[in-house]
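One letter stands for each residue in the lines below.
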Amino acid sequence: MNKRITNEIWNKFDENRINRAEYFLELILKIVGKSFLVGERFLDIGGGTGTNAAVIGRNFTEKYSLDIKIPPVEKRMPGVIYIQGDAHCLQYDDNFFDVVSLFSVIEHLKNPQVALKEAARVLKQGGLLIIQGPNWRFPLDLHTGLPNPFLIPYFLRKRFLKALNYEWWMDEVFYVSWRNVIQILSGNNLQCRLLGKRSVIYQISLIPNGFQVFYRIIKLLGILSVWPMSYIFIFQKISQADDYPR
């Protein structure tokens, strides 16, 4: 299959990563006040180029971007500390960060329960955990531009992806419901409360050219208001556990 649309999605993402981070910041500030985004340490898990850490964590003394690979020098943001690591096993002490974020990461975690517990463990009491991820009912997959494979019965999904030479998708994208995320974070050992959520409705400039007509139509019809592409959820850690499970 022609990978033009998929490549366009990723190129658009890379070209507009700063504008995208600024948009996320706007949504976050609609849920919490500016005072929550000022502090000592900010950690963005799965941070890639470190753009979210630089933009959303701009008022923190130390801004960390953690990923399985360190980006090349030309892609790095000034003032960001780059760490190579695994979201499932964070090499930090308990109560180390004021804010921890995961943007477009939750769907790539092989064990989201472990990763979310780790994120909460390193978060200070009263600190924020910011999670952005897909609306699983949106008709298009935002990684490839294909029809959303999760809307296809499981026994047909692998055949569908194999026929289009997208078999790798099964190994890189995993389903975790937002209800499950809330349940994990509000458990007895973590006790993070949900402060609020916002629908992510991107500006047209952030949408790949091949999707802009479709996007304009569904936005004009008001479909995105009830059926957005993704969501941002913000949690606050309200208690301190004596022993965090790893």
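Residues numbered from 1 in each chain as written. Predicted model: local features only at pLDDT ≥ 70, side-chain atom pairs only at ≥ 80, totals over all residues. Heavy atoms only, no water.

Enquirer: Please set out the overall build of the protein chain residue by residue, giving values where relevant.
Expert: Within the protein chain, the regular secondary structure consists of 9 helices and 7 strands. For 246 residues, the compact-globule formula gives about 18 Å, and the C-alpha radius of gyration of the protein chain, at 18 Å, lands near that figure. Overall, the protein chain is about 50 × 40 × 35 Å in size when its C-alpha atoms are taken along their principal axes. In the protein chain, 70% of the contacts between residues at least 6 apart in sequence involve partners at least 24 apart. For the protein chain, the computed accessible surface area is about 12,300 Å², with 53% contributed by carbon and sulfur atoms. Across the protein chain, 30 positive and 22 negative side-chain charges occur, with their mean positions spaced 7 Å apart. (Helix = DSSP H or I, 4+ residues; strand = E, 2+ residues; numbered from the N terminus. Rg over C-alpha atoms; globule rule 2.2 N^0.38 Å. Contact = heavy atoms within 4.5 Å. Areas by Shrake-Rupley, 256 points an atom, 1.4 Å probe, with all protein chains shown as cover. Lys, Arg positive; Asp, Glu negative; His and termini not counted. Charge placed at Lys NZ, Arg CZ, Asp CG, Glu CD.)

Enquirer: Which residues make up the side chain of R17, and what values do they have?
Expert: Along the chain, R17 turns up in helix α2 (residues 17-31). One polar contact links R17 to T49, side chain to side chain, over a distance of 3.4 Å. (Polar contact = N/O pair within 3.5 Å; in protein donor to acceptor, adjacent residues only side chain to side chain.)

Enquirer: Give me the lowdown on the sheet that holds strand β6 (residues 192-200), citing residues and values where you can.
Expert: To summarise the sheet geometry, strands pair through backbone hydrogen bonds and adopt either a parallel or an antiparallel arrangement. An order of β3-β2-β1-β4-β5-β7-β6 is seen for the 7 strands of this open sheet, with the pairing classed as mixed. Looking at strand neighbours, the two that pair on one side only are β3 (80-84) and β6, the edges of this open sheet. Recorded for the sheet is a direction-independent mean angle of 20° between the axes of neighbouring strands. Pairing between strand β1 (residues 39-45) and strand β4 (residues 97-103): 4 bridges, direction parallel. When the bridges of β4 are listed, I45 appears paired with L102. (Pairing = 2+ DSSP bridges. Axes fitted to C-alpha atoms, helices over the stretch in contact; angles between N-to-C directions.)

Enquirer: Go over the pairing of β1 with me, naming the residues and quoting the values.
Expert: Burial runs high along β1: 5 of the 7 residues are buried. In terms of strand pairing, β1 meets strand β2 (residues 60-67) through 6 bridges, oriented parallel. Looking at the pairing, G39 lines up with F60 of β2. You can see the chain leave β1, run along helix α3 (residues 51-56) and come back into β2, and the turn it takes is right-handed. (Buried < 20%, exposed > 50% of the residue type's maximum accessible area, 1.4 Å probe, protein only. Right-handed = clockwise from strand over helix to strand, strands pointing away.)

Enquirer: For the packing of aromatic side chains, give the residues involved together with the corresponding values.
Expert: Inspection of every chain in the model, using the stated rule, returns 19 aromatic pairs. One aromatic cluster is present, formed by Y23, F24, F103 and Y202 through successive ring pairs. Sitting over the ring of Y231, K197 keeps its end group 4.8 Å from the ring centre. (Phe/Tyr/Trp six-rings, centres within 6.5 Å; stacked < 30°, edge-to-face > 60°. Lys NZ or Arg CZ within 6 Å of the ring centre and 35° of its normal.)

Enquirer: Please give an account of the environment of V80 that cites residues and values.
Expert: With respect to the element layout, V80 can be found in strand β3. Counting along the chain gives 29 residues from V80 to T51, while the straight-line C-alpha distance between them is 8.6 Å. In contact with V80, other than residues within four places in its own chain, are G50, A53, A54, K63, Y64 and S65.

Enquirer: Describe the nonpolar core, listing the residues and the values that go with them.
Expert: Counting residues in each nonpolar core, the largest one holds 38 residues, and the members touching the most others are L43, I45, V100, L129, I131 and V181. With residues near it in sequence (within four places) discarded, I45 still touches L66, A87, L90, V100, S101, L102, F103, V105 and A119. Counting residues in each nonpolar core, the second largest holds 36 residues, with L25, F60, L224 and I232 among its members. (Core = buried A, V, L, I, M, F, W, Y, C linked by side-chain atoms within 4.5 Å.)

Enquirer: Describe the layout of surface pockets, naming the residues involved and giving the relevant values.
Expert: Roughly 300 Å³ of volume is contained in the second largest pocket. As for the second largest pocket, its lining consists of P134, N135, W136, R137, Y175, S177, W178, R179, I182, K197, Y231 and F233. Where the lining of the second largest pocket is concerned, the elements lending two or more residues are α7 (178-185) and β7 (230-237). (1 Å grid on protein atoms, 1.4 Å probe; cavity = no way out; pocket = protein on both sides within 12 Å on 5 of 7 lines; lining within 4 Å. Points joined across faces, edges and corners; volume = space filled by probe spheres on them.)

Enquirer: Please give an account of the environment of S65 that cites residues and values.
Expert: Tracing the chain through its elements places S65 in strand β2. Owing to a relative accessible area of 2%, S65 belongs among the buried residues under this scheme. Along the primary structure S65 and R216 are separated by 151 residues, whereas in three dimensions their C-alpha atoms are 33 Å apart. The residues touching S65, leaving out its near neighbours within four places in the chain, are D44, G47, G48, G50, A53, V80, I81, Y82 and I83.

Enquirer: I'd like a rundown of the pattern of salt bridges, residues and numbers included.
Expert: Applying the stated criterion to the full structure yields 7 salt bridges. R121 serves as the salt-bridge partner of D94, at 2.8 Å between the closest nitrogen and oxygen. Here R121 lies in helix α4 (residues 112-121) and D94 lies in the loop between β3 and β4, a separation of 27 residues in the sequence. By relative accessible area, which is 34% here, D94 ends up partly exposed. Among the residues examined, R121 registers a relative accessible area of 1% and is labelled buried. Connected via shared salt-bridge partners are E40, R41, E62, D98 and K124. (Salt bridge = Lys/Arg side-chain N within 4 Å of Asp/Glu carboxyl O.)

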